[in-house]
Amino acid sequence: MSGCPICYSKNAKIESEAVDRQHIICPRCGDFEITKSLVSEIENKPLEARQRCIVSSLIRENTYEGFVLNTYNFNTYKDAKDISMLNRVDLLLQYVEKMNRSNNTLDYILESSNYEELLAITWSGYEISQLLTMAVEAQYLNVKSLNMGTVYSITLRGWERLAALEVIVKYFSTYHKAPLN
Ligand SMILES: [Zn+2]
């Protein structure tokens, strides 16, 4: 099939740079990489129109360096009920900051006991691990596997993101305090 494997745009440019993946430059989805195994999976089992739209939007939001659409993250994208995955990554980042603050540490340890609290951010444990992966890929979090468990720490970029989010919150709370009439 020619064109973008996700939105079918005929204006997409497809380059094969690696043996196992394609580089797509699509006017709708943006600039991203996709594994060849996922391309053939989609060809065999085409997406519904609604899924195409959601996946396309999610890809456009995810064009940070090193992002590759693969069979693993694609499953989350295709079943997403809306296009706010990145909003949930922000919520996750803020949650990690809150946990670090209350435990007075710079490391956040993911344990099964705090998994449930994380479920407030999302709807499945599967998605939590996907959001954590996205936060790491976006370089908001560093991840280390230690004996005590998986440890996440906020990176410089993560702190910058948190500062930017705070500005947004301040802006909107000021805005909402203004009289309506
Ligand atoms: Zn596309």
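These numbers were taken from a predicted model, which means no experiment stands behind them.

Colleague: Quick question: what am I supposed to make of the overall build of the chain here?
Modeller: Regarding its fold elements, the chain presents seven helices and seven strands. Starting at the N terminus, the α and β elements of the chain follow one another as β-β-β-α-α-β-α-α-β-α-α-β-β-α. Burial analysis of the chain (181 residues in total) assigns 23% to the buried set. When contacts within the chain are restricted to residue pairs at least 6 apart in sequence, those whose partners lie at least 24 apart make up 56%.

Colleague: What is the right way to read helix 4 (residues 85-103) from this model?
Modeller: It helps to recall that an α-helix has 3.6 residues per turn; residues three or four apart then point in one direction. Between its first and last C-alpha, helix 4 extends 27 Å over 19 residues, near the 27 Å set by a 1.5 Å rise per residue. For helix 4, every residue scored as buried is listed here: Met85, Arg88, Val89, Asp90, Leu92, Leu93 and Val96. Trailing helix 4 by a residue or two, Asn104 shows a phi angle of about 55°, which is positive.

Colleague: How should I be thinking about the nonpolar core in this particular structure?
Modeller: Considering soluble globular proteins, one finds that nonpolar side chains tend to be buried as a cluster. Counting residues in each nonpolar core, the largest one holds 30 residues, and the members touching the most others are Cys29, Ile59, Val89, Val96 and Ala135. Every element with two or more residues in this core is listed here: strand 2 (21-26), strand 3 (30-35), helix 2 (49-61), helix 3 (71-78), helix 4, helix 6 (125-137) and strand 7 (149-154). When residues of this core are assigned to their parent elements, the largest contribution, five residues, is made by helix 4. When residues of this core are sorted by domain, at least three fall in each of domain 1 (13-78) and domain 2 (85-177). If sequence neighbours within four positions are ignored, Val96 has contacts with Tyr108, Leu141, Tyr152 and Ile154.

Colleague: Please clarify how the confidence of the model for the chain should be interpreted in this entry.
Modeller: For residues with low pLDDT, the predicted coordinates do not support detailed interpretation. This prediction gives the chain a mean pLDDT of 81; 80% of its residues lie at or above 70. Predicted confidence in the chain is weakest over helix 5 (residues 112-118), with a mean pLDDT of 66, and strongest over helix 1 (residues 36-44), with 94. Taken together, the stretch residues 175-181 has pLDDT below 50 and engages in zero contacts with residues farther than four places along the chain or on a different chain.

Colleague: What should I look at first to understand the environment of Glu111 in this one?
Modeller: Secondary-structure assignment places Glu111 in the loop between strand 5 (107-110) and helix 5. Since 10 C-beta atoms lie within 10 Å of it, Glu111 is described here as exposed. Sequence spacing of Glu111 and Val151 is 40 residues, and the spatial spacing of their C-alpha atoms is 9.4 Å.

Colleague: Would you mind showing me how to read the environment of Gly30 here?
Modeller: With respect to the helices and strands, the residue Gly30 is situated in strand 3. You can call Gly30 partly exposed: it has 16 C-beta atoms within 10 Å. Sequence separation between Gly30 and Ile59 is 29 residues, and the spatial gap between their C-alpha atoms is 7.1 Å.

Colleague: How should I be thinking about the sheet that holds strand 2 in this particular structure?
Modeller: Two orientations exist for strands paired in a sheet by backbone hydrogen bonds: parallel and antiparallel. One open sheet accounts for four strands, arranged 1-2-3-4; its pairing is mixed. Each of the sheet's edge strands pairs with one partner strand only, and the pair in question is strand 1 (13-15) and strand 4 (68-69). Along the sheet face, helix 1 touches strand 2, strand 3 and strand 4 and points at about 90° away from the line of strand 3.

Colleague: Would you mind going over the sheet that holds strand 5 with me for this structure?
Modeller: In space, the three strands of this open sheet follow the order 5-7-6, with antiparallel pairing throughout. Each edge of the sheet is formed by a strand with only one pairing partner; in this case those strands are strand 5 and strand 6 (141-146). Taking each pair of neighbouring strands and ignoring which way they run, the sheet shows an average axis angle of 30°. Taken together, the six bridges between strand 6 and strand 7 define a ladder with antiparallel strand orientation. Residue Val143 lies in a different strand from strand 7, and its bridge partner there is Tyr152.

Cut-offs and rules
- Residues numbered from 1 in each chain as written.
- Predicted model: local features only at pLDDT ≥ 70, side-chain atom pairs only at ≥ 80, totals over all residues.
- Helix = DSSP H or I, 4+ residues; strand = E, 2+ residues; numbered from the N terminus.
- Buried ≥ 20, exposed ≤ 12 C-beta atoms within 10 Å, placed from the backbone.
- Contact = placed C-beta atoms within 7 Å.
- Expected span 1.5 Å × (residues − 1).
- Core = buried A, V, L, I, M, F, W, Y, C linked by C-beta atoms within 7 Å.
- Domains from an automatic or database assignment.
- pLDDT = per-residue confidence, 0-100.
- Pairing = 2+ DSSP bridges.
- Axes fitted to C-alpha atoms, helices over the stretch in contact; angles between N-to-C directions.

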